[in-house]
Amino acid sequence: MSATAIAERFDNHWSYAEEVEVLTFDLNGETFALEAVIVQEILDLLPETAVPGSQPFVASVINFRGKVIPLADLRLAFGMEATEATIDSRIIVIEIDLQGEQTLVGLRTDKVNEVTTLAKSASEAPPSIGMRWRADYINCLVKRGGEFIILPNLQAIFSSRHNAAGAAS
Amino acid sequence: MSTLDPVAVFRTEAAECLEAIEAGLLDLTHQLDNKDLVDAVFRGLHTLKGSGAMFGFEALAAFTHHCETAFDRVRKGEVSATSELVAAVLAAQDHMRALVDQPDADHGNIGHKLLAQLQAAVGGKEAAPAAVLVPAAVREAPAKKNSWRIRFSLPANSMANGTNPLGLLDELRDLGECTVRANTSAIPALDELTPTDLHISWDVTLTSEQDRSAIDDVFIFVLDDMELSVEEIDGPTAAVVAPADEKAAPAPVAAASAAPVPPAAVPEFRPVEAVPAKREAPAAVSQAKAAENVRVPAERLDELMDRVGELVIAQSRLSQLASASTDIALRSVSEEIERLSGELRDTMMVLRMVPVATLFSRFRRLVHDLARETGKVIELVTEGESTEVDKTVIERLADPLVHLVRNSIDHGLETPGDRLASGKVEAGTVTLSARQAGGEVIISIKDDGRGINRERVRAKAESSGLIQAGQPLSDSELLQLIFAPGFSTAAAITNLSGRGVGMDVVKKTVEALRGAIDIVSVPGQGSEVSLRIPLTLAIIDGLLVRVGSGRYVIPLSAVEECLELSLEEDLRSRGRSFISLRDSLVPFLRLRDLFRTGTKPDVHQKVVVISTGTERVGLVVDQIIGDHQTVIKSMSKLHNNVATFSGATILGDGSVALILDVGHLVAAGQQQEAQLRVAG
């Protein structure tokens, strides 16, 4: 599948299939899921290099197989507390489309769980109230067991962060 | 390796061919009676037609044929080259380009119009759709007979590439009395034979009424790759070299008559005396060139560059391990690898370098067109075309340069009337020059026009709110205003410029290349815009420093010197941030503060003095670690807003260090100094 096809499918992944394969991970006790096709690799924590002057959300870079890629912390996008790394902490490397350019980004997570399949029928649009997070940062919530799994809208998160940063500079 | 799409290969070749034709035509505008140029253009058209037909670009071949015919008549002295003809062919050449790019699109009317123009230019005859030319018709022409001994061999893969040697022999036989002898000595034993390869070379003795150039015309499509020697034999005897021993190969010759000869490859013959016999020189030149150059797709070079970059990183890790080890053998291997990777890096750098001539050449056409459009008389002078620059730089500079040249012509140069009135010569000169200065290339665009009108720049900046009315500005600050987004001083919006876009883009592009722009403009005498661009974008030598717990790379080309910041100076400078360096004031920036490391300063802090051109700024760091060969990795878009860093690199231990953007830091230092000055 071509890179753009992945990006398109990612943007409207529910419209293409009844089910979607995802990788789930934890951040501060919440469970998130990313569509599995965009995941490149899961890494143990790596030495990070801080980038002074950048947005806290992408405050550092790492060496991923000879490439310098940004390391993002979704907790900060969702207004959660940044917590210390644990023995379970991992970096998920994903490839996403940023303004027409395929970009590798590392995501810092507390724990990577499993690859699983989520059904469209179980998904719900984010509620307009009762949520601490920006609604446009969430694609949908999927109920599984007694829990909700959050599918973040990475496009919205990265592009709005980027735009905000651009305006501020 | 020949997995390349043949059509793509043809397109590349055609583009080069068209470029050569264009260059020839533009030269010809100035020297209409230059036979060599006429020949060069003819040869370009001929090649384009031939290979176009070969690769199925029928429309292109048919169209080019008419231009070729027109030039052939010039070549033979039947008509003389006129500027109308050159203009017509120049226009036609654009059409050919379109035919190469989109052979299937409907170009019908344009083609006919161009042909009508061409027809008018050569006096009405010949440009009509030409019949296939019959060489036999020329045989009757009375002429002295000459004899030649022709030896030729083709590269082994030439049959795979579509060359039919039988066709070539056939054409030679069409020229006159011909004895062909195949040299089969190079044919390997049967079990080593690759049946698709060509192992035979030929000796041909030819007696013909034709001129020597007719022989070259036979080989015109394969000339660049083959070996060809043509010797004239005294006297019209064909039997000087008796070639008919038992090894002679009559079979191929006999078969040759059955072999199809592409009609495009049949040269047209005319009475001998009309043909200028100048063919030897170009043939020799192109043969030498083919041996020296290899055409490589750009991506492969980029890939190789990446690998070399990784090797350099791996090597520096190895050096680090080796230096910590007591194993002599390991150390010596590490040193060896260090030397080799250094050499490889240098070689790689050279591979990526291309002369700016490739960049400059395209401006001749632009200037030619602009001159017609604006009615100005413009002379384009190019200097330092052999200066070499990284190919990425060349690619990215093309658009900014187009803009600057357009600006020079549109805003800078006056009309011929105005020029004469102000005591200048009628023709305005635009000079494009390139030269290397240290680790930088300076490319400048200079015109001898009216110069930048400061009042108008100021008025415009004030009216658009860029500066306040009456705000004092230095001359260079004033001139820099033209790079502000949306800034244009053109009184009227023209086709060329004045739409208020451009100069800011030029500046952005140049800064993205880690370069800088200087402007010098003297009212009434002209302006010069100089772009200072680093030689390469891929690898630099850097100075590795530590600030807090982070490590950073400062490009070594910008480093002037390193000093220790003494304790007293450090304390004294609490109130002011500059040091006195040999009686001049150098502002400095504490990187620890700038990067908010939150750490305590080292006892012995260092000042690294960096400069870009004339400005100098000191950077206070905690520790200088040393030289570091830096493979530059770009940062992602997520960090586009961080102007302090131009990129990142990977250190020997695998961690990432950021590369400081010196231009940005100097600007920040100047700002700080200015604030201090205002504060008194």
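Notes on the structure in this doc start here.

The rules behind the values
- For every chain, the first residue of the written sequence is number 1, and numbering continues from 1 onward in sequence order.
- Naming scheme: in the order in which they are written, chains are lettered from A and ligands are numbered from 1.
- It should be noted that, the model being predicted, local features are given only for residues of pLDDT at least 70 and side-chain atom pairs only at 80 or more, the latter also being counted only at that level, while totals for whole chains, interfaces and linings use all residues.
- Hydrogens are left out, water is left out, and the side-chain values use all remaining heavy atoms of the structure.
- Only DSSP runs of H or I with at least four residues qualify as helices, and only runs of E with at least two residues qualify as strands; both kinds are numbered from the N terminus onward.
- Exposure categories follow from relative accessible area, calculated using a 1.4 Å probe and restricted to protein chains: below 20% of the type maximum is buried, above 50% is exposed, and the middle band is partly exposed.
- In this description, contact between two residues means that some pair of their heavy atoms is separated by no more than 4.5 Å.
- Methods summary: accessible areas were calculated by the Shrake-Rupley approach with a probe of 1.4 Å, and residue burial reflects only the protein chains presented.
- For two strands to count as paired, DSSP must find a minimum of two bridges between them.
- Angular values range over 0 to 180 degrees, each being the angle between N-to-C directions of two axes fitted as lines to C-alpha atoms, with helices fitted over their stretch in contact.
- Throughout, nonpolar core names a set of buried Ala, Val, Leu, Ile, Met, Phe, Trp, Tyr and Cys residues whose side chains join them through atoms within 4.5 Å.
- If an angle is under 35 degrees, it is roughly parallel; if it is over 145, roughly antiparallel; if it lies from 65 to 115, roughly perpendicular; otherwise it is oblique.
- By definition, turning the near helix anticlockwise from the far helix through less than a right angle yields a left-handed crossing, and turning it clockwise yields a right-handed one.
- Classification used: nonpolar for Ala, Val, Leu, Ile, Met, Phe, Trp, Tyr, Cys and Pro, charged for Asp, Glu, Lys and Arg, polar for all others including Gly.
- Each of two parts loses accessible area, computed with a 1.4 Å probe, when they are put together; buried area is these two losses added.
- Criterion for a salt bridge: a side-chain nitrogen of Lys or Arg within 4 Å of a carboxyl oxygen of Asp or Glu.
- Pairs of N or O atoms are called polar contacts if they sit within 3.5 Å, as long as, within protein, a hydrogen donor faces a hydrogen acceptor (for residues adjacent in sequence, only side-chain-to-side-chain pairs).

### Observations regarding the overall build of chain A
Inference 1: Scanning chain A for helices and strands turns up 4 helices and 12 strands.
Inference 2: By the burial criterion, 47% of the 169 residues in chain A qualify as buried.
Inference 3: Long-range pairs, those at least 24 residues apart, make up 58% of the contacts in chain A with a sequence separation of at least 6.
Inference 4: When the accessible surface of chain A is summed, it comes to about 8000 Å², and 49% of that surface belongs to carbon and sulfur atoms.

### Re the sheet that holds strand β12 (residues 539-547) of chain B
All names here are of chain B.
Inference 1: Ordered by their spatial adjacency, 5 strands build an open sheet running β19-β12-β13-β21-β20, and the pairing between neighbours is mixed. Both outer strands of the open sheet, β19 (623-631) and β20 (645-650), are each paired with one neighbouring strand and no more. Mean inter-strand twist for the sheet, computed between neighbouring axes without regard to direction, equals 35 degrees.
Inference 2: Across 5 bridges, β20 lies against strand β21 (residues 656-660) in antiparallel orientation. Residue pairing in the sheet places Gly647 in a bridge with Ile659 of β21.

### Overview of the nonpolar core
Inference 1: Counting residues in hydrophobic clusters, the biggest one holds 45 residues, and the most contacted among them are B:Leu401 and B:Leu531.
Inference 2: The element contributing the most residues to this core is helix α13 (residues 391-412) of chain B, with 8 residues.
Inference 3: Contact partners of B:Leu531, with chain neighbours within four places excluded, come to B:Leu397, B:Leu401, B:Leu404, B:Val441, B:Ile442, B:Ile443, B:Val510, B:Ala516 and B:Ile517.
Inference 4: Counting 38 residues, the second-largest nonpolar core is a separate cluster that includes A:Val68, B:Ile610, B:Ala648 and B:Val666.

### Here's the deal with the environment of A:Ile87
Inference 1: Here A:Ile87 lies in the loop between α3 (74-77) and β7 (90-98).
Inference 2: Once the C-alpha coordinates of A:Ile87 and A:Leu45 are considered, the two residues, 42 residues apart in sequence, prove to be 9.3 Å apart.

### Concerning the packing of helix α1 (residues 6-30) of chain B against helix α2 (residues 35-54) of chain B
Helices that pack against each other are described as a pair by the angle of their axes relative to one another and the distance between those axes.
All names here are of chain B.
Inference 1: Closest axis-to-axis distance for the α1/α2 pair is 9 Å, and the angle between their directions is 155 degrees. Considering the angle they form, α1 stands roughly antiparallel to α2. Where α1 crosses over α2, the two elements pack in a sense that is left-handed. Across from Phe10, Ala14, Cys17, Leu18, Ile21, Gly24, Leu25, Asp27 and Leu28 in α1, the residues of α2 making contact are Leu37, Val38, Val41, Gly44, Leu45, Thr47, Leu48, Ser51 and Gly52.
Inference 2: When grouped by side-chain class, the residues that make up the contact of α1 with α2 number 12 nonpolar, 5 polar and 1 charged.

### Focus on the sheet that holds strand β16 (residues 584-590) of chain B
All names here are of chain B.
Inference 1: Read from one edge of the open sheet, 5 strands run β14-β17-β18-β16-β15, paired in mixed fashion. Two strands bound the open sheet, and with one partner strand each, they are β14 (559-565) and β15 (578-581). Geometrically, the sheet is characterised by an average inter-axis angle of 30 degrees between neighbouring strands, direction not taken into account.
Inference 2: Relative to strand β17 (residues 605-612), β14 runs antiparallel, the two being bridged by 6 bridges. In the sheet register, Leu563 faces β17, and the bridge partner there is Val607.

### Topic: the interface of chain A and chain B
Inference 1: In this assembly, 25 residues from chain A lie in contact with 18 residues from chain B.
Inference 2: Both faces combined, the contact of chain A with chain B buries some 1900 Å², and carbon together with sulfur accounts for 68% of it.
Inference 3: Counting across the interface, chain A meets chain B through 0 salt bridges.
Inference 4: Taken together, the elements giving at least two residues each to the side of chain A that touches chain B come down to β4 (49-50), β5 (60-64), β6 (67-72), β8 (101-109) and α4 (154-168) of chain A.
Inference 5: A per-element tally of the side of chain A that touches chain B places β5(A) first, with 4 residues.
Inference 6: Classifying every residue of the side of chain A that touches chain B gives 12 nonpolar, 11 polar and 2 charged.

### Overview of the side chain of A:Thr31
All names here are of chain A.
Inference 1: Its location among the elements puts Thr31 in strand β2 (residues 30-35).
Inference 2: Side chain to side chain, Thr31 and Asp26 meet in a polar contact 3.3 Å long.
Inference 3: Apart from residues no more than four positions distant in its own chain, Thr31 is found in contact with Thr24, Phe25, Asp26, Asn113, Glu147, Phe148, Ile149 and Ile150.

Nothing here speaks to function; it is all geometry.
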